[in-house]
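An overview of the molecular structure
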Amino acid sequence: VDANTPTQTLKARSLEALAEYIKDGRAQQIVVMTGAGISTSAGIPDFRSPKTGLYANLARLNLPHAEAVFDISYFRENPEPFYTLAQELYPGKFRPTITHSFINLLYKKGLLLKLFTQNIDCLEREAGVPDDKIIEAHGSFAKQSCIDCKKPYPEERMRDAISKKWVPRCLDLSCNGLVKPEIVFFGEQLPEAFFENRTLPAQADLAIVMGSSLSVHPFASLPQFCEEGAPRLLINREQVGDLGSRPDDVLLLEDCDSGVRKLAEACGWLEELEALWAET
Ligand code: CNA
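First, a word on scope: everything that follows refers to the structure included in this document. What you are looking at is a predicted structure, and each value in this text was computed from that prediction instead of being measured.

The rules behind the values
Position numbers for residues start from 1 in each chain and track the written sequence from start to end. The predicted origin of the model limits local features to residues at a pLDDT of at least 70 and limits the giving and counting of side-chain atom pairs to 80 or more, whereas totals for whole chains, interfaces and linings rest on all residues. Hydrogens and waters are ignored; side-chain quantities use all the structure's heavy atoms. In this text, helices come from DSSP runs of H or I with a minimum length of four residues, and strands from runs of E with a minimum of two, each type numbered from the N-terminal end. As a reference, a globule follows 2.2 Å times the number of residues to the power 0.38, and the radius of gyration itself is taken over C-alpha atoms. Per-residue accessibility, obtained with a 1.4 Å probe over protein chains only, is compared with the maximum for each type, and a residue is labelled buried under 20%, exposed over 50%, and partly exposed between these values. Contact definition: two residues touch when any of their heavy atoms are within 4.5 Å. The Shrake-Rupley method, run with a 1.4 Å probe, gives the accessible areas here. Residue values count only the displayed protein chains as cover. Residues scored as positive are Lys and Arg, those scored as negative are Asp and Glu, and His as well as the terminal groups of each chain are ignored. Charge positions come from single atoms, namely NZ of Lys, CZ of Arg, CG of Asp or CD of Glu. When DSSP finds two or more bridges between two strands, those strands count as paired. Being near a molecule or strand, for a residue, comes down to having at least one heavy atom within 4 Å of it. Any pair of nitrogen or oxygen atoms within 3.5 Å is treated as a polar contact; in protein, a donor-acceptor pairing is required on top of that, and neighbouring residues in sequence qualify only through side-chain atoms on both sides. Only protein atoms enter the calculation, which uses a 1 Å grid: trapped sets of points that fit a 1.4 Å probe without letting it out are cavities, open sets showing protein on both sides within 12 Å along at least five of seven lines are pockets, and any residue with an atom within 4 Å of a point is a lining residue. The rule for placing a molecule in a cavity or pocket is simple: more than half of its atoms must lie within 2 Å of the grid points. Polar here means any residue other than Ala, Val, Leu, Ile, Met, Phe, Trp, Tyr, Cys and Pro, which are nonpolar, and Asp, Glu, Lys and Arg, which are charged; Gly is therefore polar.

Helix and strand counts for the protein chain stand at nine helices and eight strands. Taking 19 Å as the expected radius of gyration for a compact globule of 280 residues, we find that the protein chain reaches 20 Å, a close match to that expectation. Viewed in the frame of its principal axes, the protein chain has a C-alpha envelope of about 65 × 35 × 35 Å. In the protein chain, which comprises 280 residues, the proportion classed as buried is 52%. Pairs at least 24 apart in sequence give 65% of the contacts found in the protein chain among residues at least 6 apart. Carbon and sulfur atoms make up 48% of the accessible area of the protein chain, which totals about 12600 Å². The centroid of the 30 positive side-chain charges in the protein chain is displaced by 3 Å from the centroid of its 40 negative side-chain charges.

Right under this line is the structure:
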């Protein structure tokens with residue numbers, strides 16, 4: 001589409017028109033899809049940003065290639081690099097961003113159908129979004145288990161392992177398999193809940209994609225399940241996926257936090273949003 005392509009649903013392909021659509025009560029079933037970019041301002045690096053991304057800074061771990069740190073077959077042979085990284089990423093040290101609070105605000109207003117996140121940092125929960133609204137497509141640090149027999153592993157021990165950088169092993173001595181947080185590695189299946197809810201975006205009357213390069217499949221295809229005519233908003237530093245290819249796609253190519261502030265302001269929610277964030 002270009003500037004002359006007529007829109008189907010919105011009056012124009014602009015933030016103002018989108019805010020009007022929301023204020024008119026036409027967005028009641030919002031699906032939000034997020035990635036590492038919503039947490040970078042909390043201090044957690046993303047994967048793929050040049051210079052600041054994790055992949056650009058993994059040289060010290062001597063990996064064959066950056067993705068290996070999250071590759072299940074590499075982990076079986078060499079779990080230490082993951083545990084080095086896990087110490088940096090482990091939940092508890094980071095504060096949710098205003099973008100996380102914006103998702104909570106949508107929930108509080110009864111407008112959030114579902115949040116699909118690729119993030120493993122649990123910051124959406126910490127911002128107040130309830131468990132049943134969240135699909136953690138790539139799992140999270142919330143649980144841990146043996147990669148062979150799947151036996152759950154106690155959280156306190158994992159916390160200790162991560163803080164002291166020792167590699168935990170299955171408590172069933174006859175198994176002795178490696179234990180890892182239930183974050184989805186390359187080569188592992190996504191959680192059932194992802195596949196059960198995968199087509200949910202088709203029910204959305206608005207989709208908001210934030211902070212993702214949309215380069216990891218199958219997550220990356222979620223926005224394509226949205227109906228034609230359902231507006232899709234992208235808030236990201238760069239254009240990604242097929243966002244921008246439909247007449248009712250609105251692009252805010254900037255930082256998530258400034259983007260959600262603009263959207264909240266256009267909807268008349270900015271004070272409420274700032275207050276909600278201040279509480280977290
Ligand atoms: P990615 O591939 O690193 O892409 C991040 C995207 O966000 C890029 O398009 C950036 O341009 C953009 N971006 C970065 N910072 C901002 C910002 N402040 N405002 C707006 N845009 C920004 O990350 P994805 O999530 O797309 O990749 C999927 C991987 C990354 C998932 O498997 C995650 O588990 C994994 N990951 C998660 C975390 C986390 O939990 N916080 C951190 C690092 C990686």
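In terms of burial, strand β1 (residues 30–34) is a largely internal element, five of the five residues being buried. Of the two faces of β1, the one lined by I30, V32 and T34 and the one lined by V31 and M33 are each fully buried. As defined by bridge partners, β1 adjoins strand β2 (residues 112–117) across five bridges and the pair is classed as parallel. Among the inter-strand pairings, V32 is bridged to a residue of β2, identified as L115. Here β1 runs beside strand β6 (residues 206–210); their pairing, made up of five bridges, is parallel. Directly across from V31, in β6, lies its bridge partner A207.

Around the ligand sit 27 residues in total, of which R48, D121, H138, S213 and E238 are the nearest. A distance of 2.6 Å separates an oxygen atom of the ligand from a polar side-chain atom of R48. At 2.5 Å, a side-chain N or O of E238 approaches an oxygen atom of the ligand. In isolation the ligand exposes 860 Å². Once the protein is present, 96% of that is buried. Comparing atom positions with the cavity grids shows the ligand to sit within the largest pocket. Looking at the shell around the ligand residue by residue, the classes come out as eight nonpolar, 12 polar and seven charged.

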